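Close look at the chain arrangement
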Amino acid sequence: MLRRTIRPADVDSPGQLGELLDRQAYLADEGLATVAFLALRMGRPLLLEGAAGAGKTELARTLAAVLEAPLIRLQCYEGLDGPQVLYDWDFARQLLHLKAAEAGGVTDAARLEGEVYDRRFLIARPLLKAVETQPSVLLIDEIDRADVEFEAILLEVLSDFAISIPELGTIRAETPPVVVLTSNRTREVHDALKRRCLYHWLEHPSFDREVAILLRRLPTCSETLAEQVAGATGRLRRAGLVKPPGIAESLDWTEALMTLGARELDPDLAAATLGALLKHREDHEAVLGNGFFGDPHGESRG
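What you see is a predicted model; the values in this text were computed from it and never measured. Sequence order as written defines the numbering, with residues in each chain counted from 1. Only residues with pLDDT of at least 70 are given local features in this predicted model, and only at 80 or more are side-chain atom pairs given and counted; all residues enter the totals for whole chains, interfaces and linings. Excluding hydrogens and water, the side-chain figures rest on all heavy atoms present in the structure.

What to know about the packing of aromatic side chains
As a reminder, the rule being used: For this analysis, a ring pair means two rings from Phe, Tyr or Trp (six-membered ring only for Trp) whose centres lie within 6.5 Å, classed as stacked if their planes differ by under 30 degrees, edge-to-face if by over 60, and tilted for the remaining angles. We count a stretch as a helix when DSSP gives it H or I for four or more residues in a row; a strand needs E for two or more, and each element gets its number in order from the N terminus.
All told, the structure shown has 1 aromatic pair when counted by the stated rule. Between Trp89 and Tyr117, the aromatic rings sit 5.0 Å apart at their centres with planes inclined by 80°, giving edge-to-face as the arrangement. Note that Trp89 is positioned in strand β3 (residues 87-89) and Tyr117 in the loop between α6 (109-116) and β4 (122-124), a separation of 28 residues in sequence.

Take a look at the structure:
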């Protein structure tokens, strides 16, 4: 029997969405499952804020897997502008077409102009690609890294999921994409953009949830190691580090330990693999300097 593709309208409750996410090894708590369900059913963008590594980007990837839809990712950065996110014309191919037409003896200027601005010469950037692709999941990652002016472009597109191209007209989405925006809150996202979105602050997981995530994502991990890693990362998040570890780093660290054959958090092995968990020299010095891993059994649920 062929498996039917799941559409947003097919998901009838936050609980069902939580189960679908769980099948893809993403463990969402009730609050996240509820706001993600509402975003799907109401057709509203979902703005996720929280610390780096808390699972914001991974939620978009998992929603794409659940819906069996392409994930279209727009990675934001300073200086991002319209042609980089909407569309651009392939000038090189347009020029080659003009030269070929000229060589073929075509002299009708109106015809050439119509041909050179044909859809085949248009390069679809992420926003146009998302509007044209049904279904799709559009991930606008780290919106806080882009300039405030960039948000004006998003406001127009997210209002009606249509993009106007002077040479071709307006391209409108028949089925709006599922949109997830993420922010690490290095700056405030403008209120006008927030008003168009549903909002959720993503916390680091609790001890029990982090253990469950580690065991779910790394099935061969021992329960002892998962508990000790979750306890250690929980304490590190309260230690005033430059960059506290997120769940992504917790998974990397556990996998590194398992690769070296660890079944529990041996202090020497923990220190040797610290580069999978902490990415700042100052954090390494702070952790190793105070004997943080001297007794991994001393506090598990810290």
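Focus: helix α10 (residues 207-217)
How we decide: For every residue, the accessible area obtained with a 1.4 Å probe (protein chains only) is divided by the maximum for its type, and the residue is called buried under 20%, exposed over 50%, and partly exposed between those limits. Think of the arc as the fan of directions from the helix axis to the C-beta atoms. By definition in these notes, contact holds between two residues if any of their heavy atoms fall within 4.5 Å.
Taken together, the buried positions of α10 are occupied by Phe207, Glu210, Val211, Ile213 and Leu214. Looking straight down α10, one finds its buried side chains confined to an arc of 160°; they lie on one side. Buried residues belonging to α10 abut α11 (223-236) and α12 (247-259).

A few points about the layout of surface pockets
Rolled over the atoms, a probe as big as a water molecule pinpoints where empty space is left. Here is the rule: Using a grid of 1 Å spacing that covers the protein atoms alone, one calls a set of points a cavity when a 1.4 Å probe fits there but cannot get out, and a pocket when the set is open and has protein on both sides within 12 Å along at least five of seven lines; lining residues are those with an atom within 4 Å of a point. Grid points are joined across faces, edges and corners, and a volume is the space filled by probe spheres set on the points. Amino acids outside the nonpolar list (Ala, Val, Leu, Ile, Met, Phe, Trp, Tyr, Cys, Pro) and the charged list (Asp, Glu, Lys, Arg) are all regarded as polar, and Gly is one of them.
Counted as a void, the largest pocket has a volume near 610 Å³. In terms of lining, the largest pocket is formed by 33 residues, of which the most central are Gly53, Ala54, Gly55, Lys56 and Ile247. At the level of secondary structure, the elements contributing two or more residues to the lining of the largest pocket comprise α3 (56-67), β9 (198-202), α10 and α12. Of the residues contributing to the lining of the largest pocket, the split by class is 14 nonpolar, 8 polar and 11 charged. Of the volumes computed, that of the second largest pocket is approximately 240 Å³. Taken together, 16 residues line the second largest pocket, and the ones lying closest to its centre are Pro8, Leu40, Thr175, Pro176 and Val178. Every element with two or more residues in the lining of the second largest pocket is listed here: α2 (30-42) and β8 (178-183).

Details of the side chain of Thr182
Short version of the rule: The definition of a polar contact used here is a pair of N or O atoms within 3.5 Å, where within protein one atom must be able to donate a hydrogen and the other to accept one, and adjacent residues in sequence count solely through side-chain atom pairs.
With respect to the helices and strands, Thr182 occurs in strand β8. In this structure the side chain of Thr182 is engaged in a polar contact, spanning 2.5 Å, whose partner is the side chain of Asp141. Beyond its immediate sequence surroundings of up to four residues, Thr182 is in contact with Leu48, Lys56, Thr57, Leu139, Ile140, Asp141, Glu142, Ile143 and Asp144.

Here we look at the sheet that holds β9
The line we're drawing: Pairing between two strands is assigned when DSSP locates at least 2 bridges connecting them. Axis angles are defined between N-to-C directions and span 0 to 180 degrees, where every axis is a line fitted to C-alpha atoms and, for a helix, only to the segment in contact.
Judged by pairing direction, the sheet is parallel, and its 5 strands sit side by side in the order β2-β5-β8-β1-β9 without closing on themselves. Both outer strands of the open sheet, β2 (71-75) and β9, are each paired with one neighbouring strand and no more. In this sheet, neighbouring strand axes are inclined to one another by 20° on average, regardless of whether the strands run parallel or antiparallel. Across the sheet, α2 is in contact with β1 (46-50), β8 and β9; its angle to β9 comes to roughly 155°.

Thoughts on the confidence of the model for the protein
What counts here: The predictor rates its confidence in each residue with pLDDT, a number between 0 and 100.
For the protein, the average pLDDT comes to 90, and 95% of its residues sit at 70 or higher. With pLDDT under 50 throughout, residues 296-302 is counted as low confidence; its partners more than four residues away or in other chains account for 14 contacts.

Some details on the nonpolar core
We count it as follows: The criterion is simple. A nonpolar core is a set of buried Ala, Val, Leu, Ile, Met, Phe, Trp, Tyr and Cys residues joined through side-chain atoms within 4.5 Å.
With 36 residues, the main nonpolar core has Leu127, Ile140, Ile143, Phe150, Leu154 and Ile163 as its most contacted residues. Of all the secondary-structure elements, those providing two or more residues to this core are β2, β3, α7 (126-132), β5 (137-141), α8 (150-160), β6 (162-165), β8 and α9 (191-195). Broken down by element, this core gets its largest block of residues, 6 residues, from α8. Among the nonpolar cores identified, the runner-up in size contains 29 residues, and Ala33, Leu40, Ala54 and Ala69 belong to it.

Details of the environment of His200
With respect to the element layout, His200 can be found in strand β9. Separated by 176 residues in sequence, His200 and Gln24 place their C-alpha atoms 21 Å apart. Residue contacts for His200: discarding those within four places in its chain leaves Gly31, Leu32, Val35, Leu47, Leu48 and Glu49.

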